[in-house]
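# Descriptive structure summary
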Amino acid sequence: DTGVSQDPRHKITKRGQNVTFRCDPISEHNRLYWYRQTLGQGPEFLTYFQNEAQLEKSRLLSDRFSAERPKGSFSTLEIQRTEQGDSAMYLCASSLGRTSAGTGELFFGEGSRLTVL
Amino acid sequence: AQKVTQAQTEISVVEKEDVTLDCVYETRDTTYYLFWYKQPPSGELVFLIRRNSFDEQNEISGRYSWNFQKSTSSFNFTITASQVVDSAVYFCALSNYGGSQGNLIFGKGTKLSVKP
């Protein structure tokens, strides 16, 4: 399978613990995006990388959140001192170039579901 | 501020019926992109279409068609002769023309149930 893969698919943690999610984009894609989706809502943009550079961050990304893409390939999203409000599906997407290029498609992974008890 | 409104939370139809999903957007930008994505029960968002603000031509792809009307800030999606496999949550989204263009503003989605 050469799509976007995310790991773990589901994480249950206690409040105050740290969690890390990993995203492996489609190999030739230089752009990588993180979104968060809560129940009954549409996805909300968190951050975006072009290669290894983090070029855009949403105000939703509090200081407890950090994302990296060290070699311009896979990315990690870490949440420190988790809170119950962090419970959500964390979606990763990748694209080759801007959404104005080609079909404009973002390729999404199946997401990592976080449950904070 | 940019905003996407999908007023229909849930729609239920019987197979072979036509169904239209509404999308109304707000933006101050004169150039922008509009998208539709499908999210089946598996959870993975699937791209359906992108339309740029320059192009108000309607588009048809098989059983799917899209009606973009800039005058009413709407980008509605019609499925003709619906099938059970069309059951999913459908999201309309908006992005700006500059910058990364990956910061999509999604609506809350419309859950479509197609019954046999």
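Residues numbered from 1 in each chain as written. Chains lettered and ligands numbered in written order. Predicted model: local features only at pLDDT ≥ 70, side-chain atom pairs only at ≥ 80, totals over all residues. Heavy atoms only, no water.

### Section: the overall build of chain B
Helices and strands together make up the secondary structure of chain B, namely zero helices and 12 strands. The secondary structure elements of chain B, listed N-terminal to C-terminal, are β-β-β-β-β-β-β-β-β-β-β-β. For 116 residues, the compact-globule estimate of 2.2 N^0.38 gives 13 Å, and the C-alpha radius of gyration of chain B, at 14 Å, lies within 12% of that figure. Along the longest, intermediate and shortest principal axes, the C-alpha atoms of chain B span 45 × 30 × 20 Å. In chain B, which comprises 116 residues, the share counted as buried stands at 44%. Taking the intrachain contacts of chain B between residues at least 6 apart in sequence as the baseline, contacts between residues at least 24 apart amount to 56%. Counting only carbon and sulfur atoms, one obtains 48% of the accessible surface of chain B, whose full area is about 5,500 Å². (Helix = DSSP H or I, 4+ residues; strand = E, 2+ residues; numbered from the N terminus. Rg over C-alpha atoms; globule rule 2.2 N^0.38 Å. Buried < 20%, exposed > 50% of the residue type's maximum accessible area, 1.4 Å probe, protein only. Contact = heavy atoms within 4.5 Å. Areas by Shrake-Rupley, 256 points an atom, 1.4 Å probe, with all protein chains shown as cover.)

### A word on unusual backbone geometry
Following A:Asp7, the chain continues to A:Pro8 via a peptide bond in cis, the omega torsion being -5°. Assignment of secondary structure puts A:Pro8 in the loop between β1 (5-7) and β2 (10-13). Of note in this structure, B:Ala81 is not a glycine but carries a positive phi near 50°. Assignment of secondary structure puts B:Ala81 in the loop between β9 (74-79) and β10 (88-96).

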